[in-house]
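Inside the fold
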Amino acid sequence: MSRCEKSVTIINKLGLHARAATKLAQLCQKYQAQVTLILDDKEADASSIMALMLLAGSQGKIVNIVTEGSDAEQALEGICKLFTDKFDEAE
C-alpha cells in the first residue's frame, strides 16, 4: 500500500470555507485512497466537509496532505492541483 505526503499553502482568499471544503471532499471521494489533512495539531478526514471546516484553514496556512491507498499518488496530485488552482474560484 502506498503512502504519499506533501505540504501545500492555502492561497485562496477565503481559505477552506464551505465551497472549497465541499469541492475537496467531492474530489477525495473519487479516489480509493484515504486522504487526511493535517493543520497545526489538528487532523481531518478530507472526505468529510464538516471535518475540513473544523480545521479552520485560512489563507497563508500550510496544510500537510497525506494519502494512503492504491491510488495515493493520483489522489495527492489531484488534491494539490485543487489547492494550486485556488479551488477554481474567481477572486
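Attention here is on the structure that accompanies the text. (Residues numbered from 1 in each chain as written. Predicted model: local features only at pLDDT ≥ 70, side-chain atom pairs only at ≥ 80, totals over all residues. Heavy atoms only, no water.)

1. Some details on the environment of Gln-29
Going by this rule: Numbering goes from the N terminus for both helices and strands, where a helix is a DSSP run of H or I of at least four residues and a strand is a run of E of at least two.
Residue position: Gln-29 is located in the loop between helix 1 (18-28) and strand 2 (34-39). Note: C-alpha distance between Gln-29 and Ser-48 (19 residues apart in sequence) is 9.4 Å.

2. Some remarks on the sheet that holds strand 1 (residues 2-9)
The condition that has to hold: In this scheme, strands are said to pair when DSSP sees at least two bridges between them. Interaxial angle, 0 to 180 degrees, is taken between N-to-C directions of lines fitted to C-alpha atoms, where a helix line uses only the stretch in contact. Any two residues having at least one pair of non-hydrogen atoms within 4.5 Å are treated as being in contact.
Taken together, the 4 strands give an open sheet; going across it, the order is 1-4-2-3, and neighbouring strands pair in antiparallel fashion. Pairing within the sheet leaves two strands with one partner each, and these edge strands are strand 1 and strand 3 (42-45). If you compare each strand with its neighbour and ignore which way they point, the axes differ by 20° on average. Where strand 2 lies against strand 3, 4 bridges are found, and the strand directions are antiparallel. Its bridge partner lying in strand 3, Leu-39 is registered against Lys-42. Against the sheet, helix 3 (residues 72-84) makes contact with strand 1, strand 2 and strand 4 (62-69), and its axis sits at roughly 155° relative to strand 4, the strand it touches most.

3. Some details on the pairing of strand 2
Two elements, strand 2 and strand 4, share 5 bridges in a ladder whose sense is antiparallel. Paired with Leu-37 across the two strands is Ile-65, which belongs to strand 4. Hairpin connection of strand 2 to strand 3: 2 residues between the antiparallel strands, including Asp-40 at a positive phi of 55°.

4. Brief notes about the nonpolar core
Convention followed: Only buried residues count toward a nonpolar core, which is a set of Ala, Val, Leu, Ile, Met, Phe, Trp, Tyr and Cys residues joined through side-chain atoms within 4.5 Å. Any residue under 20% of the maximum accessible area for its type is buried, any over 50% is exposed, and the rest in between are partly exposed; the area is computed with a 1.4 Å probe on protein chains only.
Core analysis: the largest hydrophobic core is formed by 28 residues, its most contacted members being Leu-16, Leu-24, Leu-37, Ile-65, Ile-79 and Phe-83. When residues of this core are traced back to their parent elements, those giving at least two are strand 1, helix 1, strand 2, strand 4 and helix 3. When residues of this core are assigned to their parent elements, the largest contribution, 7 residues, is made by helix 3. In this structure, Ile-65 is in contact with Cys-4, Glu-5, Lys-6, Val-8, Val-35, Thr-36, Leu-37, Leu-76, Ile-79, Cys-80 and Phe-83, ignoring residues within four places of it in sequence.

5. Remarks on helix 1
Put simply, the rule reads: Summarising the geometry, the arc corresponds to the directions from the helix axis toward the C-beta atoms.
Taken residue by residue, helix 1 has Ala-20, Ala-21, Leu-24, Ala-25, Leu-27 and Cys-28 as its buried positions. Taken down its axis, helix 1 places every buried residue within 160° of arc, on the same side. Buried residues along helix 1 sit in contact with strand 2, helix 2 (49-54) and helix 3.

6. Concerning the pairing of strand 4
A regular strand carries its side chains on alternate faces of the sheet. Of all the 8 residues making up strand 4, 6 are buried; the element is thus mostly covered by neighbouring parts of the structure. The sheet contact formed by strand 1 and strand 4 spans 8 bridges and is antiparallel. Pairing of Thr-9 across the sheet is with Ile-62, part of strand 4.

7. Comments concerning the pattern of salt bridges
Heads up, the condition is: By definition here, a salt bridge exists when the distance from a side-chain nitrogen of Lys or Arg to a carboxyl oxygen of Asp or Glu is within 4 Å.
Enumeration over the complete set of coordinates arrives at 5 salt bridges. One salt bridge in this structure joins Arg-3 and Glu-5, with 3.0 Å as the shortest N-O distance. With a closest N to O distance of 3.3 Å, Lys-61 and Asp-40 form a salt bridge. Of this pair, Lys-61 sits in the loop between helix 2 and strand 4 while Asp-40 sits in the loop between strand 2 and strand 3, and the two are 21 residues apart along the sequence. A single network of salt bridges, built from pairs that share partners, joins Arg-3, Glu-5 and Glu-68.

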